[in-house]
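# Examination of the molecular architecture
Next come the chains, spelled out residue by residue.
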Amino acid sequence: MSFLVPKKPQILYAPMLATFGGGSARGFNPGGGGGPNRAVGGTITTVGAYTVHTFTSSGTFTVQSSEIADIEYLVVAAGGGGGGGSFTGSAGAGAGGLRSSLVGTNSGGGASAESRVTLSAGGYSVVIGAGGASTLVSGGVGSNGSNTTFGSIVSAGGGGGGGYQGIGGSGESSGGGGGGNSIAAGTPTSGQGYAGAIGRATPSGNANYPGGGGGGAAGIGTTLQPNSNGASGGGPGLQVNIDGNNYYWAGGGGGTGYATRAGPGGIGGGGGGNMSNYSATDGSSASSGGGSAINAGQNGSQFQGGGSNLGNGGANTGGGSGGCQTSVYGTNAGGSGIVIVRYLT
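Notes on the structure follow. Given the structure is predicted, the values throughout are model-derived calculations rather than measurements.

Rules used in this analysis
- Residues numbered from 1 in each chain as written.
- Predicted model: local features only at pLDDT ≥ 70, side-chain atom pairs only at ≥ 80, totals over all residues.
- Heavy atoms only, no water.
- Helix = DSSP H or I, 4+ residues; strand = E, 2+ residues; numbered from the N terminus.
- Buried < 20%, exposed > 50% of the residue type's maximum accessible area, 1.4 Å probe, protein only.
- Contact = heavy atoms within 4.5 Å.
- Polar contact = N/O pair within 3.5 Å; in protein donor to acceptor, adjacent residues only side chain to side chain.
- Phe/Tyr/Trp six-rings, centres within 6.5 Å; stacked < 30°, edge-to-face > 60°.
- Lys NZ or Arg CZ within 6 Å of the ring centre and 35° of its normal.
- Salt bridge = Lys/Arg side-chain N within 4 Å of Asp/Glu carboxyl O.
- Core = buried A, V, L, I, M, F, W, Y, C linked by side-chain atoms within 4.5 Å.

### Here's the deal with the overall build of the chain
- The secondary structure content of the chain amounts to 0 helices and 15 strands.
- Looking at the chain as a whole, 54% of its 345 residues are labelled buried.
- Of the contacts formed within the chain by residues at least 6 apart in sequence, a portion of 56% connects residues at least 24 apart.

What follows is the structure in structure tokens.
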């Protein structure tokens with residue numbers, strides 16, 4: 001007698017999808033270098049062959065697989081706050097420090113890209129720095145921006161802008177020098193940003209004293225010539241395409257004039273300088289914020305006896321804020337920081 005042995009039925013499994021920060025779905029990925037959900041945290045997107053985690057607020061980057069090798073990162077600190085004039089010019093603030101391990105790009109201050117990292121399973125703290133506030137004191141120096149951290153990687157906040165006759169604050173990109181005769185900018189920290197520009201006196205008999213622009217990740221604030229009739233622009237930010245966008249990051253804030261031209265914010269989120277226009281005869285106006293960023297820097301304001309100081313640094317760009325022509329019109333702030341991490345999916 002013969003028996004027929006039934007075949008074992010074939011069971012098909014559909015991939016399971018899970019949703020993590022920002023609503024991004026992750027499923028089974030055959031041959032994808034470690035399987036699904038290798039890490040969680042932040043807003044998760046896919047760009048080509050890479051998984052990208054973007055943190056615009058503080059959180060935790062958690063590696064769920066045994067380890068992830070060759071992680072590339074962008075860590076940008078917050079920009080500083082603008083200096084305060086005393087019915088004179090004042091300086092724009094420095095951008096936040098920028099550190100990057102993206103292959104083929106630089107870090108701030110002209111430094112080479114840092115080494116990629118390998119992280120083992122576990123959680124890594126991400127702290128996003130807040131922008132420094134401009135000063136409420138006439139002639140005072142703005143506050144430095146706060147640090148941004150990714151695990152043990154720290155980018156330091158940008159320096160505040162100098163007030164009337166005041167030296168700019170020191171930071172990873174330093175604040176510009178306040179309005180006056182060759183007032184110095186702050187000192188930047190090596191490897192993350194550039195110096196601000198020197199403040200100057202305007203032509204003889206003119207007490208406008210235009211301020212220097214804050215330093216950016218990719219360059220110093222615009223150099224002012226002696227007896228300049230306009231404030232300095234913020235230094236340029238650095239282009240780092242880690243997330244599929246050709247954004248610039250960490251532009252410096254523009255300096256202010258009084259009845260002279262205000263300086264524009266540096267490309268990459270720097271805030272524009274503010275000004276009064278009581279007696280300008282050259283068509284002067286407040287200046288634009290720096291664009292080509294995840295969030296553009298705010299335009300400066302032009303006011304005659306009222307209004308408010310604008311020129312905030314762009315949110316999550318690390319941009320420095322523009323200088324404040326006088327503190328009686330209120331304050332502005334530097335742009336907050338950001339952390340972006342990517343690895344092969």
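### Some points on the side chain of Ser107
- Here Ser107 is to be found in the loop between β7 (98–100) and β8 (117–127).
- The class of Ser107 is buried, set by a relative accessible area of 1%.
- Within the structure, Ser107 has its side chain in polar contact with the backbone nitrogen of Ser100 (distance 3.0 Å).
- Contact partners of Ser107, with chain neighbours within four places excluded, come to Leu98, Arg99, Ser100, Ser112, Ala113, Glu114, Gly191 and Leu238.

### Thoughts on the packing of aromatic side chains
- With the rule as written, the count across this model stands at 4 aromatic pairs.
- Three or more aromatic residues joined by ring pairs form one cluster here, namely Phe61, Tyr73, Phe150 and Tyr343.
- Sitting over the face of the ring of Tyr50, Arg342 holds its NZ or CZ atom 3.7 Å from the ring centroid.

### Focus on the pattern of salt bridges
- Counted by the stated rule, this structure contains 2 salt bridges.
- For Glu72, the salt bridge identified is with Arg342, shortest N-O distance 2.8 Å. Of this pair, Glu72 sits in strand β6 (residues 59–76) while Arg342 is found in strand β15 (residues 338–344), placing the two residues 270 residues apart along the sequence. This pair shows no difference in class: Glu72 is buried, exactly as Arg342 is.

### A short note on unusual backbone geometry
- Unusually for a residue other than glycine, Asp70 sits at a positive phi of about 55 degrees.
- Within the fold, Asp70 resides in strand β6.
- For Ser292, which is not glycine, the phi dihedral falls at a positive 55 degrees.
- Along the polypeptide, Ser292 turns up in the loop between β13 (275–276) and β14 (302–303).

### Overview of the nonpolar core
- Among the nonpolar cores identified, the biggest contains 17 residues, and Phe61, Ile71, Leu119, Val126, Phe150 and Val339 are the most heavily contacted of them.
- Every element with two or more residues in this core is listed here: β6, β8 and β15.
- Ranked by residue count, the leading element in this core is β6, at 6 residues.
- If near-sequence neighbours (up to four positions away) are discounted, Leu119 is found in contact with Phe61, Val63, Glu67, Ile68, Ile71, Tyr124 and Phe150.
- With 14 residues, the next largest nonpolar core counts Val52, Val76, Ile242 and Ile340 among its residues.

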